[in-house]
Amino acid sequence: MTHAIEAERLVKRFGEQVVLDELSFSVAEGTVLGVLGPNGAGKTTAVKAVTGLTRLDSGQARILGRSVRDESDAVKQLTGFSGQFAAVDEDLTTAENLVLVGHLYGLSRQGARRRADELIQAFDMGAYARKRVGQHSGGMRRRGSTRQAG
Ligand SMILES: Nc1ncnc2c1ncn2[C@@H]1O[C@H](COP(=O)(O)OP(=O)(O)OP(=O)(O)O)[C@@H](O)[C@H]1O
Ligand SMILES: [Mg+2]
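Residues numbered from 1 in each chain as written. Chains lettered and ligands numbered in written order. Predicted model: local features only at pLDDT ≥ 70, side-chain atom pairs only at ≥ 80, totals over all residues. Heavy atoms only, no water.

Enquirer: Got a minute to help me understand the overall build of the protein chain in this structure?
Expert: Across its full length, the protein chain carries five helices and four strands. Each helix and strand of the protein chain, ordered N terminal to C terminal, gives the series β-β-α-β-β-α-α-α-α. With respect to the principal axes defined by its C-alpha atoms, the protein chain has extents near 45 × 30 × 25 Å. The buried share of the protein chain, taken over its 150 residues, is 31%. Counting contacts in the protein chain only where the partners sit at least 6 residues apart, residues at least 24 apart contribute 57% of the total. Put simply, the protein chain shows about 9,700 Å² of open surface, and 48% of that area lies on carbon and sulfur atoms. For the protein chain, the separation between the mean place of its 21 positive charges and that of its 17 negative charges on side chains is 5 Å. (Helix = DSSP H or I, 4+ residues; strand = E, 2+ residues; numbered from the N terminus. Buried < 20%, exposed > 50% of the residue type's maximum accessible area, 1.4 Å probe, protein only. Contact = heavy atoms within 4.5 Å. Areas by Shrake-Rupley, 256 points an atom, 1.4 Å probe, with all protein chains shown as cover. Lys, Arg positive; Asp, Glu negative; His and termini not counted. Charge placed at Lys NZ, Arg CZ, Asp CG, Glu CD.)

Enquirer: Sorry, what's going on with helix α1 (residues 43–51) here?
Expert: Owing to its 3.6 residues per turn, the α-helix aligns residues three or four sequence positions apart on the same side. Looking at α1, one finds that the buried residues are Thr45, Ala46, Ala49, Val50 and Thr51. Turning to α1, the residues buried within the fold contact β1 (5–14), β2 (17–27) and β3 (58–63).

Enquirer: I tried to follow the pairing of β1 on my own but got confused; where do I start?
Expert: When a strand is regular, its side chains alternate between the sheet's two faces. Strand direction decides the pairing type here: β1 and β2, joined by eight bridges, are antiparallel. By the bridge assignment for β2, Val11 is matched with Asp21. Turn length for the β1-β2 hairpin, with the two strands adjacent in sequence and antiparallel, is two residues, and the turn residue Gly15 shows positive phi of about 60°. Bridge count between β1 and β3: five bridges; the pairing is antiparallel. Across the sheet, Glu6 pairs through a bridge with Arg62, a residue of β3. (Pairing = 2+ DSSP bridges.)

Enquirer: Before we go on, may I ask you to explain the site of ligand 1 in this structure?
Expert: The full set close to ligand 1 counts 12 residues, and Gln17, Gly40, Lys43, Thr44 and Thr45 are the nearest of them. Between ligand 1 and Thr44 there is a distance of 2.8 Å, counted from an oxygen atom to a side-chain nitrogen or oxygen. Coverage of ligand 1 by the protein amounts to 59% of the 640 Å² it exposes when considered alone. If you list the elements that add at least two residues to the shell around ligand 1, you get β2 and α1. The biggest single contributor to the shell around ligand 1 is α1, with three residues. Split into classes, the residues belonging to the shell around ligand 1 amount to four nonpolar, seven polar and one charged. (Near = heavy atom within 4 Å. Polar contact = N/O pair within 3.5 Å; in protein donor to acceptor, adjacent residues only side chain to side chain. Nonpolar A, V, L, I, M, F, W, Y, C, P; charged D, E, K, R; others polar.)

Enquirer: Would you take a moment to explain the packing of aromatic side chains for this structure?
Expert: Here the distance between the centres and the angle between the planes together describe a pair of aromatic rings. Enumeration according to the criterion identifies zero aromatic pairs in this entry. A cation over an aromatic ring shows up here: Lys131 above the ring of Tyr128, its NZ or CZ 5.7 Å from the ring centre. (Phe/Tyr/Trp six-rings, centres within 6.5 Å; stacked < 30°, edge-to-face > 60°. Lys NZ or Arg CZ within 6 Å of the ring centre and 35° of its normal.)

Enquirer: Whenever I open this one, helix α4 (residues 109–122) confuses me. Can you help?
Expert: Compared with an ideal rise of 1.5 Å per residue, which puts 14 residues at 20 Å, α4 spans 20 Å between its outermost C-alpha atoms and is within 8% of the ideal. Among the residues of α4, those classed as buried are Gly111, Ala112, Ala116, Leu119 and Ile120. Positive backbone phi, at 55°, marks Asp124, one or two positions downstream of α4. (Expected span 1.5 Å × (residues − 1).)

Enquirer: Is there a simple way to explain the environment of Ala46 in this structure?
Expert: You can see Ala46 is positioned in helix α1. Put simply, Ala46 and Glu8 are 38 residues apart on the chain and 11 Å apart in space, counted from C-alpha to C-alpha.

Enquirer: In this structure, what is going on with the packing of helix α3 (residues 94–104) against α4? I would like to understand it.
Expert: Packed helix pairs are characterised by how far apart their axes lie and by the angle those axes make with each other. Packing of α3 against α4 leaves a shortest axis separation of 8 Å and a crossing angle of 130°. On the basis of the axis angle, α3 is oblique to α4. Along this stretch, α3 crosses α4, giving a crossing that reads as right-handed. Along the contact surface, α3 presents Ala95, Leu98, Val99, Gly102 and His103, while α4 presents Arg109, Ala112, Arg113, Ala116, Leu119 and Ile120. Among the residues forming the contact of α3 with α4, the class breakdown is seven nonpolar, two polar and two charged. (Axes fitted to C-alpha atoms, helices over the stretch in contact; angles between N-to-C directions. Parallel < 35°, antiparallel > 145°, perpendicular 65-115°, else oblique. Left-handed = near helix turned anticlockwise from the far one by under 90°.)

Here you go:
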């Protein structure tokens, strides 16, 4: 079975500090994984490692069977990442932000609009679609910033 995420013996050090010490886990497709731990435990580092946003000292991660290190373009197409601070343009509406990112993923004008509409439905954001993101709560901003070309 291909896992959505497969992490194998991930090691990440910052200087002398070993933040990920041979961390292994896998996540089945269609499931939700919650990662709990104290501040500084390494949760964000682990998420960055499996999405290719940080370079590992050793170990390997796969997204839907694709190597995060060796197939980074494919992995970027397959992942959406909404960090502690959402990267959205506050002067645009939710719909406009989604269309903008659709263009960055290479969708046509019409394709980006269609995908934005699909995501607005899927994330139940109809009431917020045409409002400026600057007026949204933190959680709403993040909801509108997790996206994938699909
Ligand atoms: N770029 C960096 N350079 C040096 N040390 C870092 C860097 N990023 C994280 N660290 C250190 O790695 C450890 C893990 O940090 P990380 O951000 O992964 O923790 P976290 O579990 O996400 O914490 P929180 O619950 O506060 O979000 C911490 O000790 C942190 O100081
Ligand atoms: Mg964190």
